[in-house]
Amino acid sequence: MNRFLKLSLMTVLVGVLALGWTPGSADEGKKESTEEKGTEKSKETEEPEYEKDENGKPVKKDVYVIQIKDHQFSPVRIVVPAGEKIKLRIENLDPTPEEFESHDLNREKIVIGGGKITVYIGPLKPGTYKYFGEFHEDTARGVIIAK
Ligand SMILES: [Cu+2]
């Protein structure tokens, strides 16, 4: 993405922030994901739940959470099922913005400081897919392995 576009996006995001985003949502996000997993477990015997992605295609409700802290991704390596649409949630615990970017997955999306985004990927062929944080490329690197 070019610098000008990035700056414009950031300005819009800061505007949204000023209008009503409340701090501490990174923490809430973590709780939420724990609860989701808990719910999921109690429904183990039922059919898997689906929701729709931005194109209206069904995607499994499981969420894979990747956090950014000190300009590093955690976990650095996640394993996801091949052949399925995957929902990723990227949570930025740093106060500075980062851009989740992957040439292998053809995705790039900014995460504001303290914010979180959802990225849908797949269905993936089995293999290793690299991603990085474009704003801190030296330290922010990770892989998604589809099996
Ligand atoms: Cu970019």
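Residues numbered from 1 in each chain as written. Predicted model: local features only at pLDDT ≥ 70, side-chain atom pairs only at ≥ 80, totals over all residues.

**Student:** Where do I start with the sheet that holds strand β8 (residues 107-111) in this structure?
**Tutor:** Paired through backbone hydrogen bonds, the strands of a sheet run either parallel or antiparallel to each other. Sheet architecture is open: 5 strands sit in the order β5-β11-β10-β7-β8, paired in mixed fashion. Lying at the two open borders of the sheet, with one neighbouring strand each, are β5 (77-80) and β8. For this sheet the average axis-to-axis angle between neighbouring strands, irrespective of direction, equals 20°. Across 6 bridges, the pairing between strand β10 (residues 127-133) and strand β11 (residues 141-146) is antiparallel. Its bridge partner lying in β11, Tyr131 is registered against Gly142. (Pairing = 2+ DSSP bridges. Helix = DSSP H or I, 4+ residues; strand = E, 2+ residues; numbered from the N terminus. Axes fitted to C-alpha atoms, helices over the stretch in contact; angles between N-to-C directions.)

**Student:** Any chance you could explain the confidence of the model for the protein here in plain terms?
**Tutor:** Atom-level detail of predicted coordinates should not be read off regions where pLDDT is low. Looking at the protein as a whole, its pLDDT mean stands at 81, while 67% of the residues score no less than 70. Confidence over residues 24-44 falls short of pLDDT 50; this stretch has 11 contacts with residues more than four positions distant or in other chains. (pLDDT = per-residue confidence, 0-100. Contact = placed C-beta atoms within 7 Å.)

**Student:** What is the right way to read the environment of Phe73 from this model?
**Tutor:** By secondary structure assignment, the location of Phe73 is in strand β4 (residues 72-74). Phe73 sits 69 residues away from Gly142 along the chain, and the two C-alpha atoms are 6.4 Å apart. Setting aside residues up to four positions removed in sequence, Phe73 forms contacts with Ile66, Ile68, Ala140, Arg141 and Gly142.

**Student:** Please explain the nonpolar core as it appears in this structure.
**Tutor:** One finds Ile66, Ile68, Leu88, Ile90, Val111, Tyr129 and Tyr131 to be the most contacted residues of the largest nonpolar core, which totals 18 residues. If you list the elements that add at least two residues to this core, you get β3 (63-69), β6 (86-92), β10 and β11. (Core = buried A, V, L, I, M, F, W, Y, C linked by C-beta atoms within 7 Å. Buried ≥ 20, exposed ≤ 12 C-beta atoms within 10 Å, placed from the backbone.)

**Student:** What is the right way to read the sheet that holds β3 from this model?
**Tutor:** If you walk across this open sheet you meet the 4 strands as β4-β3-β6-β9, and the pairing is mixed. Each edge of the open sheet is held by one strand with a lone partner, namely β4 and β9 (116-121). Averaged over all pairs of adjacent strands, the angle between strand axes in this sheet comes to 25°, irrespective of strand direction. As judged from the 3 bridges shared by β3 and β4, these two strands associate in the antiparallel manner. By the bridge assignment for β4, Ile68 is matched with Phe73.

**Student:** Got a minute to help me understand the environment of Gly142 in this structure?
**Tutor:** Summarising the element assignment, Gly142 is placed in strand β11. Residue Gly142 is classed as buried on the basis of its C-beta count, with 20 C-beta atoms lying within 10 Å. Remark: the alpha-carbon pair of Gly142 and Tyr131, spanning 11 residues in sequence, is separated by 5.4 Å.

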